[in-house]
Amino acid sequence: MLIVITLLLCAGLNSVQSLDILGVFPAQVRSHFFAFQPFMQELAKRGHNVTVISYYADKKPRDNYHVIDLSENAPVSEVNLPITRSAIKTFFIMSIFHVMGGPYGCRILLTDENVQNLWITQRKFDVIIVEQFDSDCALGLAYKLGAPVVGVTSHMLLPWHYNRLGVPYNPSYVLFDFLEGGTKPTFFQRLQRAYWYSHFYFVNKYITQRLEQSIVAEFFDDVPSLEELGANIKFLLLYQNFILSGSSLLPSNIKEVGGYHIKEPKPLPDDFQKYIDESEHGVIYISFGSNMRTSTLPQTKLESIIAAVQELPQRVIFKWERKTLPGNPKNIYVSKWLPQNDILAHPKILAFFSHCGLLGATEAIHYGVPLLCMPIFGDQPSNAAAAEEAGLGVQIDFNDLTKDNILKKLKTILDPQFRARVKLLSKAWRDRPVSPMDSAIFWTEFAARHNFTYKSRSAEVPLYQYLCLDAYAVLLLILMISVFSIKCLVSLVLNRLKVGNMKSKRE
Ligand SMILES: *[C@@H]1O[C@H](CO)[C@@H](O)[C@H](O)[C@H]1NC(C)=O
Ligand SMILES: *[C@@H]1O[C@H](CO)[C@@H](O)[C@H](O)[C@H]1NC(C)=O
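Residues numbered from 1 in each chain as written. Chains lettered and ligands numbered in written order. Predicted model: local features only at pLDDT ≥ 70, side-chain atom pairs only at ≥ 80, totals over all residues. Heavy atoms only, no water.

### Section: the site of ligand 1
- Contacts to ligand 1 come from Asp20, Asn49, Thr51, His66 and Arg123.
- At 3.1 Å, a side-chain N or O of aspartate 20 approaches an oxygen atom of ligand 1.
- Residue composition of the shell around ligand 1, by class: no nonpolar, 3 polar and 2 charged. (Near = heavy atom within 4 Å. Polar contact = N/O pair within 3.5 Å; in protein donor to acceptor, adjacent residues only side chain to side chain. Nonpolar A, V, L, I, M, F, W, Y, C, P; charged D, E, K, R; others polar.)

As structure tokens, then:
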């Protein structure tokens, strides 16, 4: 009995103190929440009292997992993008996100009765997790609630994040979300990056943030600038990992947690299991994600895909919203819904033909499945470039989607040597001192336990100091004065000598 009590006491002393944690996810992008949901659930599983503000949080009540459902006040407008590739469209959609999405979501967030109750009742949290996407509005709410903030993303840094976090953005080698070129852009691609970086930086600063600042001011009269609040987050849990995205320059308060959403695979539904198990030559998995309607794929391109995979001995699983494909191809299993994580975990999945969303690409590297990337939108071009540079896959341009091209690319990644290398890469990916989930949870708890500042000074130093202009100017001045003095001295001495010479000649 005594032993049991002692053990219980010890366990009690060793267990981490339960924290009161708020997660605010005001963006209406379901695929982002796929990354955050497992994190918030895991925090609850480890004993913390978790409250989640979102449009998508699962509503199953649990003891220490509470949901404030924003979709009750605002209809969830599913982002349902047609599959076409055009730069103009990308930037048009980005701009809409920016100018309308952020401020629109801001108002929905702050007018929600349950959200308002949090600050009216002066609810205290130990740490607040805030999505860092196209809006900083939630940082105003977090400020009002007075707890340390941990930022989370489901993508790489966006143009307006670099500066305030003190991360150098340099178009010559830093991946850019919406653009091709990876870490080795051409001159034209650098030009594009330099332009679009500045474009979105200024749109965010002078339009989105100003609109949101004025909305926040309608509710609270003492909130500092949102930019400043963004710079003052304790940590940023960045959905990235160097094995896939390459080494990058990040300050110590930015933690790479790429892959933390991946769950242990569950058994597949019987029909999938049977279909994959019984494939003699393995299976190619085709899915263009949750935000795009595959049925908007132009007819000729769809026919090219079907014709290409029919030349291969592999079976195919294709995420397709309609019942059948044109021509009812024999080796293609279509389904509207697919348990992607569990499918990719099956050892007979040999290739993944994808739009290269970050979560999908991450699952591919986790399970060692080679990728054929057809980037369409958002961060997909940079994910595809990263996958190609890492050796995880190859890219195909949407505009080059012909049967021959698809066949050639699929054969490249189905090659046993290519696959063997991807398996090795996957081993490196999984080999970590701590799992990304443990790391994300550790730094969140750390932020609650230790109220210090961890941001890099690089975010604060004035530009002339950052570039060392003053110091170099002084050095240059000293150099110029020295050169000038030496020159004067030399000519003085020379003159003296000349005069002396002339005198001695005359004598
Ligand atoms: C946990 O969070 C919920 C929802 O925010 C709150 O109602 C409850 O009082 C909290 N419980 C504890 C023990 O703090
Ligand atoms: C954290 O530290 C800051 C700056 O020293 C202080 O203003 C703030 O009140 C502290 N917050 C908590 C929760 O202790």
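### What to know about the state of the cysteines
- Enumeration according to the criterion identifies 2 disulfides in this entry.
- The residue that forms a disulfide with cysteine 106 is cysteine 137, at a sulfur-sulfur distance of 2.1 Å. A torsion of 70° about the S-S bond marks the disulfide between cysteine 106 and cysteine 137 as right-handed. Residue cysteine 106 is located in helix H3 (residues 87–111), and its partner cysteine 137 is located in helix H5 (residues 137–145); the two are separated by 31 residues in the primary sequence.
- The cystine pairing of the chain, numbering bonded cysteines in sequence order, is 1-2, 3-4. (Disulfide = S-S within 2.5 Å. Helix = DSSP H or I, 4+ residues; strand = E, 2+ residues; numbered from the N terminus.)

### Topic: the environment of tyrosine 65
- Its location among the elements puts tyrosine 65 in strand S3 (residues 65–69).
- For the pair tyrosine 65 and alanine 44, spaced 21 residues apart in sequence, the C-alpha to C-alpha distance is 6.0 Å.
- Once residues lying within four places of it in the same chain are set aside, the contact partners of tyrosine 65 are Gln37, Met40, Gln41, Ala44, Val50, Val52, Ala57 and Asp58. (Contact = heavy atoms within 4.5 Å.)

### Quick word on the sheet that holds strand S11 (residues 315–319)
- Spatially, S12-S11-S9-S13-S14-S15 is the arrangement adopted by the 6 strands of the open sheet, whose pairing is parallel. Each edge of the sheet is formed by a strand with only one pairing partner; in this case those strands are strand S12 (332–335) and strand S15 (393–395). For this sheet, the mean angle separating the axes of adjacent strands, direction not counted, is 15°.
- Strand direction decides the pairing type here: strand S9 (residues 283–287) and S11, joined by 4 bridges, are parallel. Looking at the pairing, valine 283 lines up with arginine 315 of S11. (Pairing = 2+ DSSP bridges. Axes fitted to C-alpha atoms, helices over the stretch in contact; angles between N-to-C directions.)

### Description of the packing of helix H13 (residues 358–367) against helix H16 (residues 416–430)
- Relative to each other, H13 and H16 sit at 100°, their axes nearing to 6 Å. Here H13 lies roughly perpendicular to H16, going by the angle between them. Facing H13, whose interface residues are Thr362, Ile365, His366 and Tyr367, H16 presents Lys423, Leu425, Ser426, Trp429 and Arg430. (Parallel < 35°, antiparallel > 145°, perpendicular 65-115°, else oblique.)

### Here's the deal with the packing of aromatic side chains
- By the definition in use, this model includes 31 aromatic pairs.
- A ring pair is formed by phenylalanine 235 and tyrosine 454, whose centres lie 5.0 Å apart and whose planes are at 20°; its orientation type is stacked. Of the two residues, phenylalanine 235 is situated in strand S7 (residues 235–238) and tyrosine 454 in the loop between helix H17 (436–449) and helix H18 (463–466); the sequence distance between them amounts to 219 residues.
- Looking at phenylalanine 235, the relative accessible area reads 2%, which means it is buried. (Phe/Tyr/Trp six-rings, centres within 6.5 Å; stacked < 30°, edge-to-face > 60°. Buried < 20%, exposed > 50% of the residue type's maximum accessible area, 1.4 Å probe, protein only.)

### Quick word on the domain arrangement of the chain
- Splitting the chain by domain gives domain 1 (19–260 + 435–455), domain 2 (270–430) and domain 3 (457–488).
- Using only C-alpha atoms to locate each centre, domain 1 and domain 2 end up separated by 29 Å.
- Tallying the contact residues gives 33 residues for domain 1 and 34 residues for domain 2.
- A combined buried area of about 2,900 Å² lies between domain 1 and domain 2, and 65% of that area is made up of carbon and sulfur atoms.
- Inspection of the region where domain 1 meets domain 2 yields 0 salt bridges.
- At the level of elements, helix H2 (30–45), strand S4 (81–82), H3 and helix H9 (242–245) are the ones that each hand at least two residues to the side of domain 1 that touches domain 2.
- Split by residue class, the side of domain 1 that touches domain 2 holds 16 nonpolar, 13 polar and 4 charged. (Domains from an automatic or database assignment. Buried area = accessible area lost by both parts, 1.4 Å probe. Salt bridge = Lys/Arg side-chain N within 4 Å of Asp/Glu carboxyl O.)

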